[in-house]
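Examining the three-dimensional arrangement
Chain by chain, the residues:
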Amino acid sequence: MGIASRIATILRKDCCERLVKYTAQEVILSGASVGITDFKISVGNFSNNVKKINNVTETMKALDNNQYLLCRLVHDPLVSEELKDECQRIRIMCIMGFTQLQALTSLQEPNKPLHPEIALWITNMSGLLLECMVTVKPTPKMTFKNAKGEEIIGWINSPKSRKKPAKKSATIKSPKLSTGREKSKIAQIMAYQGIDEKDMADALKILKKDK
């Protein structure tokens, strides 16, 4: 079983929750619910460069917010299956990001420059966060009837949708990507994380079992 499949097996049982907490001197990840051993990052280890620790902690916070919101989308009955798959894929990658950071923190020596592997992690996770915004930005559609009784598709918040009441429930769908850039970037980050496409496909199947 691959990395993504192992994470998916655990995520099938979890509920949506935020994992990262902050104190004055520590950033704490409570990851038992997603299969990560709890760990802490001491601000003191980065005391020579406040900007660097801010980069780490802000990336952690953004990853946590994303994995939580993606989880909520997966449980939303209005979300299409296509978008749910994309949400699951990126949430698995967010969780994997925390697992990687846990291993990398042992490399950071107190009062030393930021370890290159942690800097590389920040770069990749920042890329994941940006691609998440592009890839899973929901595109709500609604079905209306015109004056002739014909069904037409309108976009929520469009002038037409403000004039006509919805006749059917909205379905939130994933937008079509205009280029392959987003997909290739996701593939690059997956490669960095050691996740291949077969493993991810197996993980998505696991998350769909008994649904």
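Look a little higher up for the structure.
What comes next is a walk through the structure. The residue numbers shown here count from 1 along each chain, following its written sequence. Where local features are concerned, this predicted model is filtered to residues with pLDDT of at least 70; where side-chain atom pairs are given and counted, the filter is 80 or more; whole-chain, interface and lining totals use all residues. Side-chain numbers here rest on the full set of heavy atoms in the structure, without hydrogens or water.

Some points on the state of the cysteines
Counting rule for disulfides: a pair of cysteine sulfur atoms within 2.5 Å. Tallying each qualifying case throughout the model produces one disulfide. Bridging Cys16 to Cys71, the disulfide has an S-S length of 2.1 Å. Residues Cys16 and Cys71 are joined through a disulfide that is left-handed, its torsion about the S-S bond being -80°. With Cys16 in the loop between α1 (3-11) and β1 (20-22) and Cys71 in helix α2 (residues 50-74), the pair connects residues that are 55 residues apart, well separated along the chain. Since its relative accessible area comes to 21%, Cys16 is described here as partly exposed. Free of any disulfide, Cys87 has its nearest neighbouring cysteine sulfur in Cys132, separated by 7.4 Å. Given the relative accessible area of 0%, Cys87 is considered buried. Just so you know, Cys94 is unpaired, no disulfide at all, and the nearest cysteine sulfur is the one on Cys132, 6.1 Å from it. Comment: elements are numbered from the N terminus, with helices defined as DSSP H or I runs of at least four residues and strands as E runs of at least two. Type-normalised accessible area, obtained with a 1.4 Å probe on protein chains alone, sets the label of each residue: buried when under 20%, exposed when over 50%, and partly exposed for intermediate values.

Points about the pairing of strand β2 (residues 26-29)
The pairing criterion for strands is at least two bridges between them, as found by DSSP. Looking at chain direction, β1 and β2 are connected through three bridges and run antiparallel. In the sheet register, Val20 faces β2, and the bridge partner there is Leu29. Hairpin connection from β1 to β2: three residues lie between these consecutive antiparallel strands. As paired elements, β2 and strand β3 (residues 39-42) share four bridges and run antiparallel to each other. Within β3, the residue paired with Ile28 across the bridge is Lys40.

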